[in-house]
Amino acid sequence: MAFVVTDNCIACKYTDCVAVCPADAFHEGPNFLAINPDDCIDCDLCVPECPANAIFQEDELPAGQEQFLELNAELAQLWPKITEVIAPLSDADKLNGLPHKIDQLIVE
Ligand code: SF4
Ligand code: F3S
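Structure report, in brief. (Residues numbered from 1 in each chain as written. Chains lettered and ligands numbered in written order. Predicted model: local features only at pLDDT ≥ 70, side-chain atom pairs only at ≥ 80, totals over all residues. Heavy atoms only, no water.)

## Focus on the environment of Thr6
So, step 1. The topology assignment puts Thr6 in the loop between β1 (3-5) and α1 (16-20).
So, step 2. Note on Thr6: relative accessible area 2%, which makes it buried.
So, step 3. Spatially, the C-alpha atoms of Thr6 and Pro48 are 14 Å apart, while their sequence positions differ by 42 residues. (Helix = DSSP H or I, 4+ residues; strand = E, 2+ residues; numbered from the N terminus. Buried < 20%, exposed > 50% of the residue type's maximum accessible area, 1.4 Å probe, protein only.)

## Quick notes on the side chain of Gln57
So, step 1. Structurally, Gln57 can be placed in strand β4 (residues 55-57).
So, step 2. Assessed through its relative accessible area of 16%, Gln57 is described here as buried.
So, step 3. Among the polar contacts listed, one links the side chain of Gln57 to the side chain of Asp42, at a separation of 3.0 Å.
So, step 4. Once residues lying within four places of it in the same chain are set aside, the contact partners of Gln57 are Met1, Ala2, Phe3 and Asp42. (Polar contact = N/O pair within 3.5 Å; in protein donor to acceptor, adjacent residues only side chain to side chain. Contact = heavy atoms within 4.5 Å.)

## Here's the deal with the site of ligand 1
So, step 1. As a matter of local geometry, ligand 1 sits amid Phe3, Cys21, Pro22, Ala23, Phe26, Ile35, Cys40, Ile41, Cys43, Asp44 and Cys46.
So, step 2. The residue inventory of the shell around ligand 1, partitioned by class, reads ten nonpolar, no polar and one charged. (Near = heavy atom within 4 Å. Nonpolar A, V, L, I, M, F, W, Y, C, P; charged D, E, K, R; others polar.)

## Observations regarding the environment of Asp7
So, step 1. Checked against the element boundaries, Asp7 lands in the loop between β1 and α1.
So, step 2. A relative accessible area of 6% means that Asp7 is categorised as buried.
So, step 3. Between the C-alpha atoms of Asp7 and Lys101, which are 94 residues apart in sequence, the distance is 5.9 Å.
So, step 4. Of note is the side chain of Asp7, whose polar atom sits 3.3 Å from the backbone nitrogen of His100.

## A short note on the packing of aromatic side chains
So, step 1. Tallied over the entire structure, the rule returns two aromatic pairs.
So, step 2. Pairing Phe32 with Phe68 gives two aromatic rings, centres 5.9 Å apart and planes at 50 degrees, and the pair type is tilted. With Phe32 in the loop between β2 (26-28) and β3 (33-35) and Phe68 in helix α2 (residues 67-78), this residue pair connects regions lying 36 residues apart in the sequence.
So, step 3. With relative accessibility at 1%, the residue Phe68 sits in the buried group.
So, step 4. The buried category is assigned to Phe32, whose relative accessible area is 0%. (Phe/Tyr/Trp six-rings, centres within 6.5 Å; stacked < 30°, edge-to-face > 60°.)

## What to know about the site of ligand 2
So, step 1. The environment of ligand 2 is formed by Val5, Cys9, Lys13, Tyr14, Thr15, Asp16, Cys17, Leu33, Cys50, Pro51, Ala52 and Ile55.
So, step 2. The residue inventory of the shell around ligand 2, partitioned by class, reads nine nonpolar, one polar and two charged.

## Observations concerning α2
So, step 1. With twelve residues, α2 should cover 16 Å at 1.5 Å per step; its first-to-last C-alpha distance of 17 Å lies within 8% of that length.
So, step 2. Each element contacted by the buried residues of α2 is listed here: β1, β2 and β3. (Expected span 1.5 Å × (residues − 1).)

In structure tokens, the structure reads:
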């Protein structure tokens, strides 16, 4: 079992989550963070830290967010680990809560 970062992280990337993760499970892309399911120890510590309420346990994903299970696993392989908090993206507060930001996800 692992936790999963979902749509509302996209274009916000607050990174408060990484400060509490005891497993260094987060990986950083240009405008999204992904959790490596092989590293996540299912501790739940990151969930209340996220200002975007974007993190869920894999078996409690909200409707429409199921694709993020696979996406986290894939992107964690592609992107480097992030272990320290950095500044959120500049429009984070403006875009926090906007639905369906998956179209803005940058994969590189
Ligand atoms: Fe890290 Fe725990 Fe969140 Fe998994 S549930 S990503 S181990 S803080
Ligand atoms: Fe994303 Fe929330 Fe972490 S917005 S970077 S999952 S604190």
